Amino acid sequence: MDIRYERRNVYKEADEKKTEEIFSYAEGYKKFLDSAKTERDAAEICQKLALERGFTPYKFGEKLKAGDRRYHISHGKTVFLIKAGSEDAAKYGIRIMGAHVDSPRLDLKPHPLYEEKGLAMFKTHYYGGIKKYQWTAMPLALHGVMYKKGGERVDIKVGDDDGDPVFYISDLLPHLSAEQNGLTLSKAIKGESLNALAGTIPEIGAEDEKNAVKANILKLLHDKYGVTEEDFTCSELCLVPAGHARDVGFDRGLISAYAHDDICCAYPEMTALFESVASPHTLVAIFADKEEVGSDGVTGMNSRIILDLLNAVSASIGADPVAARYASLCVSADVTAGYDPNYPDVFDKRNSCFLNGGAAVQKYTGSAGKRSTNDAPAEVMAKIRDILDGENVIWQTGEMGKVDAGGGGTIAKFISYIGIDTVDMGLPVLSMHAPYEIISKADLYEMHLAMKAFCK
């Protein structure tokens, strides 16, 4: 028996068959990711896939029996997938997997459209933690919904299909950026200057010549979607990076894409639940909104929706809700920082997670002395280790970075608030919260295997 701990590398242990499975799984993920750039997009495709697999809407108060499959969607954004198990949930609890499907982006303001010197622009308000300079000088797509008077919904997606126009936030040319170059990264680009180009052609015969380009954009929107300028006040429109997921490197072992954080965890928990067969545990997979801004709001995990749904599901399968909740176990499926050799000073390499090292289990997140974190008890960590090792899942553990370098949080603390043992598990990511992030295909597949083991 070797009493030393040795880190594992997925590819050093994978045979040809497993390597093929890793790459095949990644193709399905990339296809899903390209269609799930916002929480509304993700909820829509998740519902579609669930319906294809026999899931039906969950009705609060209905009775469930082993094998029943249900889904519930809150406000078109937060999704719950439910599979009723055969075990007594009051004794064995519910197995919960919780990822989030919102990502940092630029939201259009309530009155976004204006014209300045012949350029029609969209004003934005950034959502989540971003480095503002990363969002300039790149093609952007517009995703979201608008509501007309009377409640008719209009879906808008422009910028991702071949032939679509894109949107663009200009940057200052280096010839005139002497003053800007002397500013810190956080101040070089101001939030109020993240205004996206929306058009330049004036409406012929416009009554207001100073706003002729804006008038033309409004006319184009009305002709195509039937919306008016006032309808922007009843909309949720987001600017996200245009384009598709791409392989990285000669060996194609990595994926570059927008929204890895946290679709790379949501997708494995979804596929694991879909593939689970006759699990004795009642399973609940969560795809949550609002994590990037603190999990507040009616669709965030800081609302009562998680508690109410778990209570209702417990009652549906004949279990006492309180007993079931305190017997439950949750994986908060979220990403962590992967060790980046370009920036070694912010990492403790002895306690970091590495690409190709497998699923990343984190006892705690938080910052400044473990503030704002769920710190999983040793007993919970031991239980997760036994689950993963029992199925020979390759996994690793570590922290996000050095103690005083910064930090971050997940939905784990909100699940633990209601008395459920919770631990964080996800993938290491490079360039987290950038418009294009990097993950390993091997880690993605091990996360899928980890979630399958958790369901089993």
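In the block above lies the structure referred to throughout.
Residues numbered from 1 in each chain as written. Predicted model: local features only at pLDDT ≥ 70, side-chain atom pairs only at ≥ 80, totals over all residues. Heavy atoms only, no water.

What follows deals with empty space enclosed by the protein. In the structure shown here, the tally under the stated rule is two cavities of 30 Å³ or more. In this model, the largest cavity occupies a volume close to 60 Å³. Forming the boundary of the largest cavity are L33, D34, K37, P241, G243, H244, A245, A257, Y258 and Y436. Taken as a whole, the second largest cavity encloses approximately 40 Å³ of empty space. For the lining of the second largest cavity, the secondary-structure elements that each account for two or more residues are α3 (39-52) and α8 (260-275). Its residues placed into classes, the lining of the second largest cavity shows 10 nonpolar, no polar and no charged. (1 Å grid on protein atoms, 1.4 Å probe; cavity = no way out; pocket = protein on both sides within 12 Å on 5 of 7 lines; lining within 4 Å. Points joined across faces, edges and corners; volume = space filled by probe spheres on them. Helix = DSSP H or I, 4+ residues; strand = E, 2+ residues; numbered from the N terminus. Nonpolar A, V, L, I, M, F, W, Y, C, P; charged D, E, K, R; others polar.)

Our next topic: the nonpolar core. Of all hydrophobic cores here, the largest spans 100 residues; its most connected members are Y29, L81, I263, M270, F287, I384 and M425. A288, M301, L309 and I420 belong to the second-largest nonpolar core, a separate cluster that totals 27 residues. (Core = buried A, V, L, I, M, F, W, Y, C linked by side-chain atoms within 4.5 Å. Buried < 20%, exposed > 50% of the residue type's maximum accessible area, 1.4 Å probe, protein only.)

Taken N-terminus to C-terminus, the directions of α8 and helix α13 (residues 441-455) make an angle of 45°; their axes are 8 Å apart at the nearest point. Regarding the angle of α8 to α13, the classification is oblique. Where α8 crosses over α13, the handedness of that crossing is right-handed. Listed contacts from α13 to C264, C265, P268, E269, T271, A272, L273 and E275 of α8 are L444, M447, H448, M451, K452 and C455. Taken together, the residues that form the contact of α8 with α13 break down as nine nonpolar, two polar and three charged. (Axes fitted to C-alpha atoms, helices over the stretch in contact; angles between N-to-C directions. Parallel < 35°, antiparallel > 145°, perpendicular 65-115°, else oblique. Left-handed = near helix turned anticlockwise from the far one by under 90°. Contact = heavy atoms within 4.5 Å.)

This part takes up the packing of aromatic side chains. Applying the stated criterion to the full structure yields 12 aromatic pairs. An angle of 50° between the planes, with centres 6.1 Å apart, marks the rings of F122 and F167 as tilted. With F122 in strand β6 (residues 119-127) and F167 in strand β9 (residues 167-168), this pair connects stretches of sequence that are 45 residues apart. Both residues of the pair, F122 and F167, count as buried. Each member of the aromatic cluster is reached from another via a ring pair, and the members are Y25, Y29, F32, Y267 and Y445. In this arrangement the basic side chain of R105 is found over the ring face of Y127, its NZ or CZ atom lying 3.9 Å from the centre. The ring of Y326 carries the charged tip of R325 above its face, separated from the ring centre by 5.4 Å. (Phe/Tyr/Trp six-rings, centres within 6.5 Å; stacked < 30°, edge-to-face > 60°. Lys NZ or Arg CZ within 6 Å of the ring centre and 35° of its normal.)

In this section: the sheet that holds strand β23 (residues 437-440). The three strands are arranged β12-β13-β23 in an open sheet whose pairing can be described as antiparallel. Of all strands in the sheet, those bounded by a partner on one side alone are β12 (246-248) and β23. Neighbour-to-neighbour, the strand axes of the sheet open up by a mean angle of 35°, direction not taken into account. Examined bridge by bridge, β12 and strand β13 (residues 254-257) share three bridges and lie antiparallel to one another. Within β13, the residue paired with R246 across the bridge is S256. Contacts from α13 reach β12, β13 and β23, with the element oriented near 65° to β23. (Pairing = 2+ DSSP bridges.)

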